[in-house]
Amino acid sequence: MSECTDIYTIAAQRLTEYMKGKNIRKTPERFEILRIVCQTPGIFSIDELHEIMEQKAKFQVSRVTLFNTMKLLEDAKLIIKHTLARAAHYECCINPHPLVCMVCQKCGMVRKLESSKIENWLSEQKCKQFIITQPVLYFHGLCRSCMVKSSIKKRSRVKSEK
Ligand SMILES: [Zn+2]
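Now for a quick tour of the structure. (Residues numbered from 1 in each chain as written. Predicted model: local features only at pLDDT ≥ 70, side-chain atom pairs only at ≥ 80, totals over all residues. Heavy atoms only, no water.)

**Considering the nonpolar core**
One finds Leu15, Val37, Leu49 and Met70 to be the most contacted residues of the largest nonpolar core, which totals 26 residues. Elements with a contribution of two residues or more to this core: helix 1 (3–22), helix 2 (28–39), helix 3 (46–56), helix 4 (63–75) and strand 3 (89–92). Each residue touching Leu15, except ones within four places of it in the same chain, is listed here: Arg30, Phe31, Leu34, Leu72, Leu73, Ala76 and Leu78. Core analysis: the next-biggest nonpolar cluster, separate from the first, contains nine residues, Ile80, Leu99, Val103 and Val136 among them. (Core = buried A, V, L, I, M, F, W, Y, C linked by side-chain atoms within 4.5 Å. Buried < 20%, exposed > 50% of the residue type's maximum accessible area, 1.4 Å probe, protein only. Helix = DSSP H or I, 4+ residues; strand = E, 2+ residues; numbered from the N terminus. Contact = heavy atoms within 4.5 Å.)

Encoded structure:
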């Protein structure tokens, strides 16, 4: 069994139990969305998920269904929602691990930072009075392309002022 199938099996079991407890109807769409979420590495926006579902998984789903299902998966604690400047981003959290993200304040780009040192440091932060459930660290700033764009704007402003 691959790791993806493994995660999906656990997630589907948890979702089934959660919906049973809340008397929510089990629909094939919800489980298909969960399957794609489990297979999608890292963080993604609703738009990106929508594209993956339609292009890679060949699964037609409305954005409303996608939004509602993401809310359900969030309530069932199967995904975490990163609320960032522009759009919400989601991530499967069956096996939560420390995460470091760079967030562009201008375009909203979100990129994971590969930093085992920070991840190790985060994993060592154990506090008896506090349980970390969402080990995420955000660095807000400007991405390269926004930096270039803003320096071009500044230069043209300086030129026009002369
Ligand atoms: Zn940017």
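**Notes on the coordination of the zinc ion**
In an ideal tetrahedron of four donors about a metal, each angle is 109.5 degrees. In an ideal octahedron of six donors, the angles are 90 or 180 degrees. Summarising the metal site, the zinc ion is bound by the protein donors Cys104 (SG), Cys107 (SG), Cys143 (SG) and Cys146 (SG), whose distances to it range over 2.3 Å. In this structure, the zinc ion is coordinated by four donor atoms arranged in tetrahedral fashion, with angles at the metal of 104 to 114°. Mapping the donors of the zinc ion onto the primary sequence gives the spacing C-x2-C-x35-C-x2-C. A relative accessible area of 36% places Cys107 in the partly exposed class. (Donors = N, O, S within 2.8 Å, 3.2 Å for Na, K, Ca; no water. Tetrahedral: all angles 85-135°; square planar, octahedral: opposite > 155°, others 65-115°.)

**Digging into the pattern of salt bridges**
As enumerated under the stated definition, the model contains three salt bridges in all. Measuring nitrogen to oxygen at the nearest pair gives 2.5 Å for the salt bridge that ties Arg35 to Glu32. Of the two residues, Arg35 and Glu32 both sit in helix 2, three residues apart, roughly one turn of that helix. A salt bridge links Lys71 to Asp75; the nearest nitrogen and oxygen atoms lie 2.9 Å apart. Taken together, the positions of Lys71 and Asp75, both in helix 4 and four residues apart, correspond to about one turn of that helix. According to the relative accessible area criterion, Asp75 is partly exposed, its value standing at 35%. (Salt bridge = Lys/Arg side-chain N within 4 Å of Asp/Glu carboxyl O.)

**Looking at the sheet that holds strand 4 (residues 99–104)**
Ordered in space as 5-4-6, the three strands form an open sheet in which the pairing is mixed. Two strands bound the open sheet, and with one partner strand each, they are strand 5 (110–112) and strand 6 (136–141). Shown here is a sheet whose adjacent strand axes are inclined to one another by a mean of 25°, direction ignored. (Pairing = 2+ DSSP bridges. Axes fitted to C-alpha atoms, helices over the stretch in contact; angles between N-to-C directions.)

**Re the layout of surface pockets**
Taken as a whole, the second largest pocket spans an internal volume of roughly 210 Å³. Looking at the second largest pocket, it is lined by 14 residues, and the ones nearest its centre are Ile43, Glu48, His89, Val110 and Arg111. Those elements giving two or more residues to the lining of the second largest pocket turn out to be strand 1 (44–45) and strand 5. Residue contributions to the lining of the second largest pocket peak at three residues, all from strand 5. In terms of residue class, the lining of the second largest pocket is built from six nonpolar, four polar and four charged. There are two domains that each give the lining of the second largest pocket at least three residues, and those are domain 1 (1–94) and domain 2 (96–162). (1 Å grid on protein atoms, 1.4 Å probe; cavity = no way out; pocket = protein on both sides within 12 Å on 5 of 7 lines; lining within 4 Å. Points joined across faces, edges and corners; volume = space filled by probe spheres on them. Nonpolar A, V, L, I, M, F, W, Y, C, P; charged D, E, K, R; others polar. Domains from an automatic or database assignment.)

Any functional reading would require information beyond the geometric quantities listed.
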